[in-house]
Amino acid sequence: MSHDIDKEDLSAYLDGELPAPRRTAVESHLESCGECREELARIKRAQTAFRAHGRLPAPAGLERSLRRPAPSRERLGFALAAGLVALALLLSGKAFKPQINAVFNQIMGMISGAASTVGSGK
Amino acid sequence: MPTPDELLAHLDRVYTLALRLAGNPADAWDLAQDAMLKALKGLPAFRGDAALDTWLFRITVNAWKNRNASASWRWWERRVSLDPLGEEGSVPKLAEPGPEGALEADESRRALEAALAALAPEDRAALVLRELENKSYQEIVEILGIPMGTVKSRLHRARLELARALEPRS
């Protein structure tokens, strides 16, 4: 059997995508060609099977993730400001640590001085 | 302008396309999420030149192409499973056939998935757009960004491969 049609036209025929003259050509070819009739039946079976099993629903968590509100600009700004304050406190604590130690040592010195004075009975 | 809810009503359809493009549920999740976030962001620019679903599918395909273009994505893709159903337990249930029917349906589904896994992602996408979404060839051209002749040949080849996989083994 000579194939005066393009085999891919069988899919386009099934999909109703052929212009009228080519559709007519495919139809008249199908009347005389068992091989192409069989191929058309096979692609129809594939179509039916894919339509039955091809679609899969999105996981529920995916929709939840898309509906979760993104953090607002205000919230982001607040978080940034709080972070900066915390950082500043941390850094200032480090900067003042020597002075705090010096004041502590001074107080301890005064206490021990007073204690020794009391102890000596002066 | 469509609302975000109207957009999210298409999520199952976007996910199905993403799953067939990416080839596995984990990457499909990322791809569908990426595409939907892009669409939600771009919603004010949607002019209605194309149908909303066509616009969404185009965004999904472009997001997939961008991911595919990155070397790290290609590296990752080579290492992940191509089984879109994932583990055995995650196979979605079919519409209540009898025990024999259930077995046959499950077998034919597995054969179909195996054949789909062997196809190129663009072939699977063309099948989704034609068989499930009923898109015209011209719309598929616009969504996938490939010539009309390629759409025709991809669809025909993909259907023949699926048909071969579904034929009873002699």
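Parameters and conventions
- Residues numbered from 1 in each chain as written.
- Chains lettered and ligands numbered in written order.
- Predicted model: local features only at pLDDT ≥ 70, side-chain atom pairs only at ≥ 80, totals over all residues.
- Helix = DSSP H or I, 4+ residues; strand = E, 2+ residues; numbered from the N terminus.
- Buried ≥ 20, exposed ≤ 12 C-beta atoms within 10 Å, placed from the backbone.
- Core = buried A, V, L, I, M, F, W, Y, C linked by C-beta atoms within 7 Å.
- Contact = placed C-beta atoms within 7 Å.
- Nonpolar A, V, L, I, M, F, W, Y, C, P; charged D, E, K, R; others polar.
- Axes fitted to C-alpha atoms, helices over the stretch in contact; angles between N-to-C directions.
- Parallel < 35°, antiparallel > 145°, perpendicular 65-115°, else oblique.
- Domains from an automatic or database assignment.
- pLDDT = per-residue confidence, 0-100.
- Expected span 1.5 Å × (residues − 1).
- Left-handed = near helix turned anticlockwise from the far one by under 90°.

Observations concerning the overall build of chain B
Then, number 1: Across its full length, chain B carries nine helices and zero strands.
Then, number 2: When the helices and strands of chain B are read in sequence order from the N terminus, they spell out α-α-α-α-α-α-α-α-α.
Then, number 3: Looking at chain B residue by residue over its 170 residues, the buried ones come to 32%.

Details of the overall build of chain A
Then, number 1: When helices and strands are tallied, chain A shows five helices and zero strands.
Then, number 2: Secondary structure elements in chain A, listed N-terminal to C-terminal, are α-α-α-α-α.
Then, number 3: Burial statistics for chain A: of 122 residues in total, 12% are counted as buried.

Focus: the nonpolar core
Then, number 1: In this structure, V14(B), Y15(B), A18(B), L31(B), A32(B) and A126(B) are the most contacted members of the largest nonpolar core, which totals 47 residues.
Then, number 2: Secondary structure elements with two or more residues in this core: α1 (8-14) and α3 (34-53) of chain A together with α2 (11-22), α3 (25-42), α4 (52-69), α7 (121-132), α8 (137-144) and α9 (148-166) of chain B.
Then, number 3: For this core, the leading source of residues is α2(B), giving eight residues.
Then, number 4: The residues touching A18(B), leaving out its near neighbours within four places in the chain, are A28(B), L31(B), A32(B), A35(B) and T60(B).

Some remarks on the environment of A115(B)
Then, number 1: Its location among the elements puts A115(B) in helix α6 (residues 99-118).
Then, number 2: Between the C-alpha atoms of A115(B) and E161(B), which are 46 residues apart in sequence, the distance is 6.6 Å.

Some words on the interface of chain B and chain A
Then, number 1: Facing 29 residues of chain B, the contacting portion of chain A comprises 26 residues.
Then, number 2: For the side of chain B that touches chain A, the secondary-structure elements that each account for two or more residues are α2, α3, α6, α7 and α9 of chain B.
Then, number 3: Its residues assigned to classes, the side of chain B that touches chain A shows 18 nonpolar, five polar and six charged.

Let's talk about the packing of α8(B) against α9(B)
Residue and element names in this part refer to chain B.
Then, number 1: Their axes nearest at 9 Å, the elements α8 and α9 cross at an angle of 105°. One way to sum up the angle between α8 and α9 is to call them roughly perpendicular. Note on element contacts: α9 touches α8 through M148, V151 and K152, opposite Y137, I140 and V141.
Then, number 2: Here the contact of α8 with α9 is composed, by residue class, of five nonpolar, no polar and one charged.

As for the domain arrangement of chain B
All names here are of chain B.
Then, number 1: The domains assigned to chain B are domain 1 (1-74) and domain 2 (102-165).
Then, number 2: Averaged C-alpha coordinates put domain 1 and domain 2 at centres separated by 19 Å.
Then, number 3: Every contact between the two is made by ten residues of domain 1 and, on the other side, twelve residues of domain 2.
Then, number 4: The set of elements that each furnish at least two residues to the side of domain 1 that touches domain 2 consists of α2 and α4.
Then, number 5: Of the residues that constitute the side of domain 1 that touches domain 2, the class distribution is four nonpolar, three polar and three charged.

With respect to the environment of R154(B)
Residue and element names in this part refer to chain B.
Then, number 1: Mapped onto the fold, R154 is located in helix α9.
Then, number 2: By C-beta crowding, R154 is classed as buried, having 24 other C-beta atoms within 10 Å.
Then, number 3: For R154 and A115, which are 39 residues apart along the polypeptide, the C-alpha to C-alpha distance reads 14 Å.
Then, number 4: Residues in contact with R154, not counting those within four places in the same chain, are E122, D123 and A126.

Structural notes on the confidence of the model for chain B
All names here are of chain B.
Then, number 1: Across chain B, the average pLDDT comes to 84, with 79% of residues at or above 70.
Then, number 2: At the low end of the mean pLDDT range in chain B sits helix α5 (residues 71-77), at 59; at the high end sits α8, at 96.
Then, number 3: Scored below 50 in pLDDT, residues 86-97 makes eight contacts in the model with residues more than four places away or belonging to other chains.
Then, number 4: With a pTM of 0.72, the predicted complex shows an ipTM of 0.78.

Some thoughts on the environment of N134(B)
Then, number 1: For N134(B), the location among the structural elements is in the loop between α7 and α8.
Then, number 2: In sequence terms N134(B) and L144(B) are ten residues apart; their C-alpha atoms lie 15 Å from each other.

Observations concerning α9(B)
Then, number 1: Across its 19 residues, α9(B) extends 27 Å between first and last C-alpha, which sits within 8% of the 27 Å expected from 1.5 Å per residue.
Then, number 2: Of all the positions in α9(B), only V151(B), K152(B), R154(B), L155(B), H156(B), A158(B), R159(B) and L162(B) are classed as buried.

A word on unusual backbone geometry
Then, number 1: Within the chain, N134(B) stands out as a residue other than glycine whose phi angle is a positive 55°.
Then, number 2: Classification of N134(B) by C-beta neighbours within 10 Å gives exposed; the count is 10.

Some remarks on the packing of α2(B) against α7(B)
Residue and element names in this part refer to chain B.
Then, number 1: One can describe the packing of α2 onto α7 by two numbers: an axis separation of 7 Å at closest approach and a directional angle of 155°. When the axes of α2 and α7 are compared, the pair comes out roughly antiparallel. Both α2 and α7 take part in a crossing whose hand is right-handed. For the pair α2 and α7, contact is made by T16, L17, R20 and L21 and by P121, R124, A125, V128 and L132, respectively.
Then, number 2: Taken together, the residues that form the contact of α2 with α7 break down as six nonpolar, one polar and two charged.

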